[in-house]
Amino acid sequence: MQACLRRSHISLLAVIILTISWVGDSVAALGAPDAATTSFQRVWERTDLPVSQGAVERTWIWGPHPLTDILSEPYRESPDGSRHAIYYDKARMELTDPEADSESLWYVTNGRLAFELITGQVQLGHDKFEQRLPADINIAGDQGIPNGPTYATLSTMRDYDEFRGSDRTGDVITTAIADPFGRPALEDAYDIEYAYFDEVTQTNIAAPFWDFMHSSGSISDDGVLVEANLFPNPYYSTGRPITEPYWSSATVGGVERDVLIQCFERRCLTYTPANPAGWRVESGNVGQHYYRWRYAERPIVQGEILYRTLT
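Residues numbered from 1 in each chain as written. Predicted model: local features only at pLDDT ≥ 70, side-chain atom pairs only at ≥ 80, totals over all residues. Heavy atoms only, no water.

In this fold, Arg132 is placed in the loop between strand E7 (128-131) and helix H4 (151-160). Note on Arg132: relative accessible area 2%, which makes it buried. Within the structure, Arg132 has its side chain in polar contact with the side chain of Glu130 (distance 3.2 Å). (Helix = DSSP H or I, 4+ residues; strand = E, 2+ residues; numbered from the N terminus. Buried < 20%, exposed > 50% of the residue type's maximum accessible area, 1.4 Å probe, protein only. Polar contact = N/O pair within 3.5 Å; in protein donor to acceptor, adjacent residues only side chain to side chain.)

Turning our attention to the sheet that holds strand E13 (residues 255-263). Spatially, the four strands line up as an open sheet ordered E12-E13-E14-E15, and their pairing is antiparallel. Each edge of the sheet is formed by a strand with only one pairing partner; in this case those strands are strand E12 (246-252) and strand E15 (281-283). Going across the sheet, the axis of each strand differs from the next one's by a mean of 40 degrees, ignoring polarity. The sheet contact formed by strand E14 (residues 268-271) and E15 spans three bridges and is antiparallel. Considered in E15, the bridge of Tyr271 is made with Val281. (Pairing = 2+ DSSP bridges. Axes fitted to C-alpha atoms, helices over the stretch in contact; angles between N-to-C directions.)

What follows covers the state of the cysteines. Within the structure shown, the criterion is met by one disulfide. Paired by a disulfide, Cys263 and Cys268 hold their sulfur atoms 2.0 Å apart. Between Cys263 and Cys268 the sulfur-sulfur dihedral comes to about 100 degrees; the bridge is accordingly right-handed. The class for Cys263 is buried, based on a relative accessible area of 0%. (Disulfide = S-S within 2.5 Å.)

Quick look at the structure:
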């Protein structure tokens, strides 16, 4: 698993180096603004410093280190029309308004990256969006493997899922991306249930993910390890669910595995039964995927004209 992480970091670093060479001023690295630097570091340390120090064995919430400098990205309601952002493997941290209450849980937010990757709607303001193609990038496992579901796959699943909008709490999850009518063998193998129905998005949440959103463990409180909820608000890290959970196959390190996948506004979560206990539920590498999609790989859809943009 660690070798896989190292390979992904090397691969992404190559992408970033190639990308930064032509990004120019559109995604400008800021001169380490104090408010953003301090706030981003504090948020990272709370959950991931204990993992980095080896004090706990669990999945990363953000990732071992930032993948970018602090960047300036366009956002209409932010001062001067841009906000501070920094990318990690798992997500993007954002500081939209440096003058807001710095003690608020929502002072630093998670970007709605999974929503944008699935819908193609890049958010440039509270109600300003830029339409692109959904990302043809594998959500889980090794990239470039044809059997792996992509964000574009889930974009289609959201439109045609016959169960969406119905409360299935307590039912066993058998629905698979490869077979929308279910694979009965999975019921016998894993016995994983829907745990909660989100009334806002009319979407069911799988039990392993609902438990993860409410989990507790060792966190860093100004450098001191204490026991607390990993997420003060269960939706802080993930946002609300935007797809149903689906079983699928993903190739990880060359080995094909059964994986339960569900995407929320801000992240996609995976449950891999074959993983060690602390790593069965993981956040997908949405931060990596989004950065590649937005700044290196995908064209914008503008009527019938396709063209690249960096803003």
